[in-house]
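Now for the letters of each chain:
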Protein chains: 2
Amino acid sequence: MAEFTKGELEVMRILWVHGEMKPAGIQEKFPRRIKNSALRSYLTILLEKEHVSRRKVGKAYFYKPATHQESAFRHTLRSLLETFCGGTTEGLLVHLIKSEKLSEKELLELKRVADGGESSPKAEERRE
Amino acid sequence: MAEFTKGELEVMRILWVHGEMKPAGIQEKFPRRIKNSALRSYLTILLEKEHVSRRKVGKAYFYKPATHQESAFRHTLRSLLETFCGGTTEGLLVHLIKSEKLSEKELLELKRVADGGESSPKAEERRE
DNA sequence: GAAGAAGTGCAGTATATTCTGCATATAAGC
DNA sequence: GCTTATATGCAGAATATACTGCACTTCTTC
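The sections below set out a description of the structure shown in this document. In this text the structure is predicted, and so the values were computed from the model without any measurement. (Residues numbered from 1 in each chain as written. Chains lettered and ligands numbered in written order. Predicted model: local features only at pLDDT ≥ 70, side-chain atom pairs only at ≥ 80, totals over all residues. Heavy atoms only, no water.)

## Section: the overall build of chain A
Rules: Secondary structure counts use DSSP, requiring at least four H or I residues in a row for a helix and at least two E residues in a row for a strand, with both numbered from the N terminus. Buried, partly exposed and exposed residues are distinguished by accessible area as a fraction of the type maximum, computed with a 1.4 Å probe on protein chains only: under 20%, between the cut-offs, and over 50%, respectively. Each accessible area value is a Shrake-Rupley result obtained with a 1.4 Å probe; residue values ignore everything except the protein chains displayed when judging cover.
From N to C terminus, chain A includes six helices and two strands. Put simply, chain A runs from its N terminus to its C terminus through helices and strands in the order α-α-α-β-β-α-α-α. Relative to its full complement of 128 residues, chain A shows a buried share of 37%. Surface exposure of chain A reaches about 7,600 Å², of which carbon and sulfur atoms provide 50%.

This is the structure in structure tokens:
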């Protein structure tokens, strides 16, 4: 069901932040102690699922994301919306506001952004 | 790690929406075909984890949520924020806007809400 | 009180996910 | 070429999650 398992996601997070790395490097950045071989079994699975790609440099492989963080985010958000917010982004916002996840400061900032007070990169090329 | 597994969450969603139910009822509402005994094994686990409670009526048990949808939402959102949005709600909003999850209409609605144009139930009783 | 319908308890199987150990390979230094 | 350090490949163990089957109980109807 889920796009990534817990362990796979831990690996992807590191690759999304740090870019191309070899297993030993990922291992260092890992959020908990993990054996090199355990980590590599995640990489093997991610490679099979084509969520990462790799290239050989010298004797080692360097891995990098093949799935963008953005699309993983969309996927995860979609599932969160369907479970808790009636499936809509608007529902999420209502939820956020009612549950006070948004502080007054954030609401103001939000208002500023909504008003167009910030450069919204893709604002022009709307519609997917 | 996760608060709920996939199957457990499917059960909780139904209980959050429909309130107190017995297994046969949950089974009917289930998003996919599932055997009564498989469903009940989820309920047993949820009972152990104290995410649901039950009371006997006649020969049957009626189950209801013991964990609020709201707190499960917070938990899930927290994990999403940490993975994708630098841990902040504000980061989520920027993400939403840049990724065009928010339509023009939603931005306007959002602005209206942010402006205080809607009755925001808990707006008064701020601070937890 | 026998029979059927609906419900429960639970031991155990199947699959997915996480992790281990070890044999082998590759590059660098001496 | 031999040694050491660093990598890799892979079979399979350990654990978590999902599911099955069946014996037994409770209520109802006749």
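## With respect to the pairing of strand 2 (residues 60-65) of chain A
All names here are of chain A. What counts here: The criterion for strand pairing is that DSSP finds at least two bridges linking the strands in question.
Bridging between strand 1 (residues 52-57) and strand 2 involves six bridges; their strand directions are antiparallel. When the sheet's bridge partners are listed, Ser-53 is paired in strand 2 with Lys-64. The turn linking strand 1 back onto strand 2 is made up of two residues, and Gly-58 within it adopts a positive phi angle of 70 degrees.

## So, the protein's contact with DNA strand C
This is how the line gets drawn: Each residue is tested against the molecule or strand, and it is near if at least one of its non-hydrogen atoms lies within 4 Å. What qualifies as a polar contact is a pair of N or O atoms within 3.5 Å, subject to a donor-acceptor requirement within protein and to the restriction that residues adjacent in sequence count only when both atoms come from side chains. Here the nonpolar group is Ala, Val, Leu, Ile, Met, Phe, Trp, Tyr, Cys and Pro; Asp, Glu, Lys and Arg are the charged ones; every other residue, Gly included, is treated as polar.
If you check the shell around DNA strand C, you find 20 residues, and the closest are Thr-5, Lys-35 and Tyr-42 of chain A together with Arg-40 and Tyr-61 of chain B. Close to the protein, within 4 Å, the atoms of DNA strand C are drawn from sugar and phosphate at a rate of 61%. Contact distances for DNA strand C include 3.4 Å between a phosphate oxygen and a side-chain N or O atom of Arg-54 of chain B. Within the side chain of Lys-59 of chain B, an N or O atom sits 3.1 Å from a base nitrogen of DNA strand C. In terms of residue count, the dominant contributor to the surface near DNA strand C is helix 3 (residues 36-48) of chain A (five residues). Residue composition of the surface near DNA strand C, grouped by class: seven nonpolar, five polar and eight charged.

## A word on the protein's contact with DNA strand D
Neighbouring residues of DNA strand D: 19 residues in total, closest Lys-59 and Tyr-61 of chain A together with Thr-5, Lys-35 and Tyr-42 of chain B. When atoms of DNA strand D within 4 Å of the protein are split into backbone and base, the sugar-phosphate part holds 60%. Here a base oxygen of DNA strand D sits 2.8 Å away from a polar atom, N or O, in the side chain of Lys-59 of chain A. Thr-5 of chain B is positioned with one of its side-chain polar atoms (N or O) 2.6 Å from a phosphate oxygen of DNA strand D. Breaking the surface near DNA strand D down by element, the ones donating at least two residues are helix 2 (23-29), helix 3 and strand 2 of chain A together with helix 1 (6-18) and helix 3 (36-48) of chain B. The biggest single contributor to the surface near DNA strand D is helix 3 of chain B, with four residues. Taken together, the residues that form the surface near DNA strand D break down as six nonpolar, five polar and eight charged.

## Re the packing of helix 1 of chain B against helix 3 of chain B
Residue and element names in this part refer to chain B. The test is simple: An axis is simply a line fitted to the C-alpha atoms; with a helix, the fit covers only the stretch in contact. Between two such axes, the angle follows the N-to-C directions and lies from 0 to 180 degrees. Note that the term roughly parallel is reserved for angles under 35 degrees, roughly antiparallel for angles over 145, roughly perpendicular for angles of 65 to 115, and oblique for everything else. Contacts: residue pairs with any heavy atoms within 4.5 Å of one another.
It is the contact of helix 1 with helix 3, at a shortest axis distance of 10 Å, that shows an interaxial angle of 90 degrees. The angle between helix 1 and helix 3 places the two elements in the roughly perpendicular class. Between helix 1 and helix 3, the residues in contact are Gly-7, Glu-8, Val-11 and Met-12 and Leu-39, Tyr-42, Leu-43, Ile-45 and Leu-46, respectively.

## Focus: the packing of aromatic side chains
Spelled out, the test is: In summary, the pairing rule links any two rings of Phe, Tyr or Trp, Trp by its six-membered ring, whose centres are within 6.5 Å, and it sorts them by plane angle into stacked for under 30 degrees, edge-to-face for over 60 and tilted for everything else. Sitting over a ring, as applied to charges here, requires NZ of Lys or CZ of Arg to be within 6 Å of the ring centre and within 35 degrees of the ring normal.
The tally for this structure, following the rule as stated, stands at six aromatic pairs over all chains. On the numbers, 6.2 Å between centres and 85 degrees between planes, the contact of Phe-4 of chain B with Trp-16 of chain B is edge-to-face. Of this pair, Phe-4 of chain B sits in the segment before helix 1 while Trp-16 of chain B sits in helix 1; the two residues are twelve residues apart in sequence, bridging distant segments of the chain. Given the relative accessible area of 11%, Phe-4 of chain B is considered buried. By relative accessible area, Trp-16 of chain B is classed as buried at 16%. One aromatic cluster in this structure is built from Phe-4, Trp-16 and Phe-73 of chain A together with Phe-84 of chain B. Geometry around Tyr-61 of chain B places Arg-54 of chain B over its ring, the cationic atom sitting 3.5 Å from the centre.

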